[in-house]
Amino acid sequence: MCGVCGIAAPGVGLDGVRASDHVRAMVEALAHRGPDDSGVHATGAAVLGATRLAIRGLADGRQPMVDAGSGIVVVCNGEIDNHASLRSWLAARGRPVLAATDVAVIPALYLELGDGFVERLAGVFAVAIWDPRRDRLLLARDRAGERPLFYCLADGMVRFATEISALRMDPALRLTPDREALARYVRFGYFTAPETPFSEVRKVAPGEAVVIEQGRVTRRRYWRWAITTDPKRAPAPQAFDEVFREAVRRQSDAEVECGVFLSGGLDSSLVAAVAKDLAPGRKLRAYTLRFGEASYDEGAFAEQVARHLGLDWTPVSVTPDALREGIPELIRVVGEPLADPAWVPTALLARRASRDVKLALVGEGADELFGGYPTYVGATLAERYMRLPGAARALLRALVERWPPSDRKVTVSYLLKRFVAAAELGPVGRHRHWTSSTSPEHLGKLGLADAAPDTPDSDGNVLDVLQRMDLETSLAEGLLTKADRASMNSALELRAPYLDQSVMEFAASLPVEQRVRGAATKVFLKRYALRYLPSRIVYRRKRGLSVPLARWLREPLHDWAASRLGDHRLRTVGMDPEAALALLEAHRRRQGDHARALWTLVVLAEWVAWASDREGTAAGNA
């Protein structure tokens, strides 16, 4: 795991001294991601830099990597899980790779296969390759989007970096907030590639390779989850056991100690159980978030799992003060807003875990791949709901909307209100509404146009379409962004075995009824998990990681939230601070549960404050 960055001027050439100084500043801005080593390499038209968190090949993993014969320069943020087989394949073709570090296979693989090299990589990665023979820069991101990569093309130069904040270390770069992208952030809570909060900065998408040469940008999607096209077949638990065990083995194969983020739910518990079964003599540490509010706290369940598996267990408590103090710091470090309330708690967990380990396994991806969200059940229920007479639907909606808000976690009233608010839309539209942070109605009151992209209903099975949409958007750009930015703030690498390519491809072959059947979710995965876990863990009601924002925004965080939402600088991105304060007041008076929307706006306000304070930031674009 690393941070990567660089400046290139294809076909133009660089002021080498000045560019090197800027890249060194970018490397310093990324030092939190890779404290073990750093390096900068300059050529005639490009300067590349990297920081390193050593996980594999501890002795010889220095970056940037330069091929002496061709002059190509490579930097990579990530881990190449199939490096051993790639070494054998390359050696048979006369390209031996001598360095032990896993990313050392990339230069030879690129020289052998050209741009197609990325399709042979297994693992998580964000790669940049400068090819002086062709005067071109290639950027690529892994299939699920676990590792980030941003770029900016301006004044004949392209700048790239793992985090936006590093791009801004070049004082010559002028950036303007992108109002339409920020409105979509307020709606959904994240930025979908290629968008970012700045008009000039683009993001490489999951499973995408971007080539920049002669002032042109060419984007190519080299992989997409094939759930909508793969034939479905009856699942074979033994076959999946071999696939999943190998995924866990590869992703925990490191020269450093390994831990696991353990919630006590099915997904992380299964990862922990398989990891322990693979290496029963290896010490495995587990880390769990704790909340004072009983309906949000899963610590007791996680402790039971840790005791059952024989793990060293460490709880980490979260308080309202942690959110107030943590959000400005995270935004300062990474340079972008993210509305997931668990961002700060995950950063706290990573900070504690980083005292013991450099690598931790997580359960991200299981819900999207195997059908775990209540919204997937809702998709089926909505079809039945729409068969009711219009008068009956209107009566039900009126009754549900009068249900008073609750501060408990994911209550029936909360789910029902979300359900009836969008049940009459098409499958894709209602799913986007159910999973959004802010409704179109509230966007209008805030002065923001509903700039959500037009997403017409797709042909094919509804569940297939919704799961792939979640994998490519809310998971890749929301949950995985949270995991990466939170963990790497403390130089901790998180790995998600469910997002191993072989696991994703197996999940794509599952029939609908093996994912969601009636009100039952993750049907196949739960049946498989009984091989490793007791039924009381496997079939415990899903709760998910969440934060008691509803109460905190009414009480301990209210005054802080009001101070942020009243910031006049919000007008530079088109938002009305008075409308935001009115929404906060309505929430405080329990006239509705607006916690998700308010948190999204608070984080935006913190980002606007950071962006406005930075020298060289222009006013928001129209």
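Draft legend 1. Highlighting the pairing of strand β8 (residues 150-154). Both β8 and strand β10 (residues 201-203) contribute to a ladder of 3 bridges, which runs antiparallel. Its bridge partner being in β10, Tyr151 is matched across the sheet by Arg202. Relative to strand β9 (residues 157-161), β8 runs antiparallel, the two being bridged by 5 bridges. When the bridges of β9 are listed, Tyr151 appears paired with Phe160.

Draft legend 2. Geometry of the confidence of the model for the chain. Per-residue pLDDT for the chain has a mean of 90; in total, 92% of the residues score no lower than 70. Of all the helices and strands in the chain, helix α14 (residues 412-422) carries the lowest mean pLDDT, 66, while β10 carries the highest, 98.

Draft legend 3. Geometry of helix α9 (residues 320-334). For α9, which comprises 15 residues, the first-to-last C-alpha distance of 22 Å matches the rise-based estimate of 21 Å (1.5 Å per residue) to within 8%. Its maximal kink placed at Gly326, α9 deviates by approximately 30 degrees, while the proline Pro328 follows within four residues. All of the buried residues along α9 are Pro320, Ala322, Leu323, Gly326, Ile327, Leu330, Ile331, Val333 and Val334. At the exit of α9 stands Gly335, carrying a positive phi of roughly 85 degrees.

Draft legend 4. Up close: the packing of aromatic side chains. This structure, assessed with the given rule, holds 17 aromatic pairs. Ring geometry for Phe506 versus Phe524: centroids 5.7 Å apart, planes at 35 degrees, classification tilted. One end of the pair, Phe506, is in helix α18 (residues 501-508); the other, Phe524, is in helix α19 (residues 523-529), and 18 residues separate them in sequence. Residue Phe506 is classed as buried on the basis of its relative accessible area, which comes to 9%. Given the relative accessible area of 0%, Phe524 is considered buried.

Draft legend 5. Fine view of the sheet that holds strand β3 (residues 46-52). Taken together, the 6 strands give an open sheet; going across it, the order is β2-β3-β1-β9-β8-β10, and neighbouring strands pair in antiparallel fashion. The open sheet has two free edges, formed respectively by β2 (37-42) and β10, since each of these has just one partner strand. Averaged over all pairs of adjacent strands, the angle between strand axes in this sheet comes to 15 degrees, irrespective of strand direction. Relative to β9, strand β1 (residues 2-8) runs antiparallel, the two sharing 4 bridges. Note on β9: the bridge partner recorded for Gly6 is Phe160. Docked against the sheet, helix α1 (residues 16-29) engages β1, β2, β3 and β9, running at close to 160 degrees with respect to β1.

Draft legend 6. Expanded view of helix α23 (residues 577-588). Along its 12 residues, α23 runs 17 Å from first to last C-alpha, staying within 8% of the 16 Å computed at 1.5 Å per residue. Within α23, the full set of buried residues consists of Pro577, Ala579, Ala580, Leu583, Leu584, Ala586 and His587. The secondary structure elements touched by the buried residues of α23 are α16 (440-445), α21 (549-554), α22 (558-565) and α24 (595-613). The N-capping residue of α23, defined by a side-chain oxygen 3.0 Å from the backbone nitrogen of Glu578, is Asp576. Phi turns positive, to about 60 degrees, at Arg590, one or two residues after α23.

Draft legend 7. Representation of the pattern of salt bridges within the structure. Scanning the model with the defined rule gives 51 salt bridges in all. For the salt bridge of Glu112 with Arg95, the shortest nitrogen-to-oxygen distance reads 2.7 Å. With a gap of 17 residues between them, Glu112 in helix α3 (residues 105-113) and Arg95 in the loop between α2 (83-92) and α3 connect regions that are remote in the sequence. Each of Arg33, Glu163, Glu336, Asp484 and Arg485 takes part in a single network of salt bridges with overlapping partners.

Draft legend 8. View of unusual backbone geometry. In this structure, the amide linkage connecting Gln63 to the following residue, Pro64, adopts the cis form with an omega of 0 degrees. In this structure, Pro64 sits in the loop between β3 and β4 (65-66). Between Ala193 and Pro194 the backbone carries a cis peptide bond, its omega angle lying at 10 degrees. Take Pro194: it is sitting in the loop between α5 (179-188) and β10. Positioned with a positive phi, Asp135 is a non-glycine residue whose angle comes to about 55 degrees. Assessed through its relative accessible area of 25%, Asp135 is described here as partly exposed. One non-glycine residue with positive phi stands out, namely Lys522, at about 50 degrees. With respect to the helices, strands and loops of the structure, Lys522 is situated in the loop between β19 (520-521) and α19.

Draft legend 9. Here's a closer look at the pairing of strand β6 (residues 123-131). With 8 of its 9 residues buried, β6 lies for the most part within the structure. As paired strands, strand β5 (residues 73-80) and β6 are joined by 8 bridges and run antiparallel to one another. Residue pairing for β6: Val74 is matched across the bridge by Ile129. Bridge count for β6 against strand β7 (residues 136-141) is 6 bridges, and the pairing is antiparallel. When the bridges of β7 are listed, Ile129 appears paired with Leu138. What sits between the antiparallel neighbours β6 and β7 is a turn of 4 residues, in which Asp135 has the positive phi angle 55 degrees.

Draft legend 10. Up close: the sheet that holds β7. Across the sheet, which stays open at both edges, the 6 strands sit in the order β4-β5-β6-β7-β11-β12 with antiparallel pairing between neighbours. Two strands lie at the open edges of the sheet, namely β4 and β12 (216-221), each paired on one side alone.

Draft legend 11. The environment of Asp178, seen in detail. Of note, Asp178 is situated in the loop between α4 (164-167) and α5. A residue is classified by how much of its surface remains accessible, and Asp178, at 11% relative accessible area, is buried. Of the polar contacts made by the side chain of Asp178, one reaches the backbone nitrogen of Glu180; its length is 3.2 Å. From its side chain, Asp178 meets the backbone nitrogen of Ala181 in a polar contact 3.2 Å long.

About the cut-offs
- Residues numbered from 1 in each chain as written.
- Predicted model: local features only at pLDDT ≥ 70, side-chain atom pairs only at ≥ 80, totals over all residues.
- Heavy atoms only, no water.
- Pairing = 2+ DSSP bridges.
- Helix = DSSP H or I, 4+ residues; strand = E, 2+ residues; numbered from the N terminus.
- pLDDT = per-residue confidence, 0-100.
- Expected span 1.5 Å × (residues − 1).
- Bend = angle between axes of the 7 residues up to and from the residue.
- Buried < 20%, exposed > 50% of the residue type's maximum accessible area, 1.4 Å probe, protein only.
- Phe/Tyr/Trp six-rings, centres within 6.5 Å; stacked < 30°, edge-to-face > 60°.
- Axes fitted to C-alpha atoms, helices over the stretch in contact; angles between N-to-C directions.
- Contact = heavy atoms within 4.5 Å.
- Polar contact = N/O pair within 3.5 Å; in protein donor to acceptor, adjacent residues only side chain to side chain.
- Salt bridge = Lys/Arg side-chain N within 4 Å of Asp/Glu carboxyl O.

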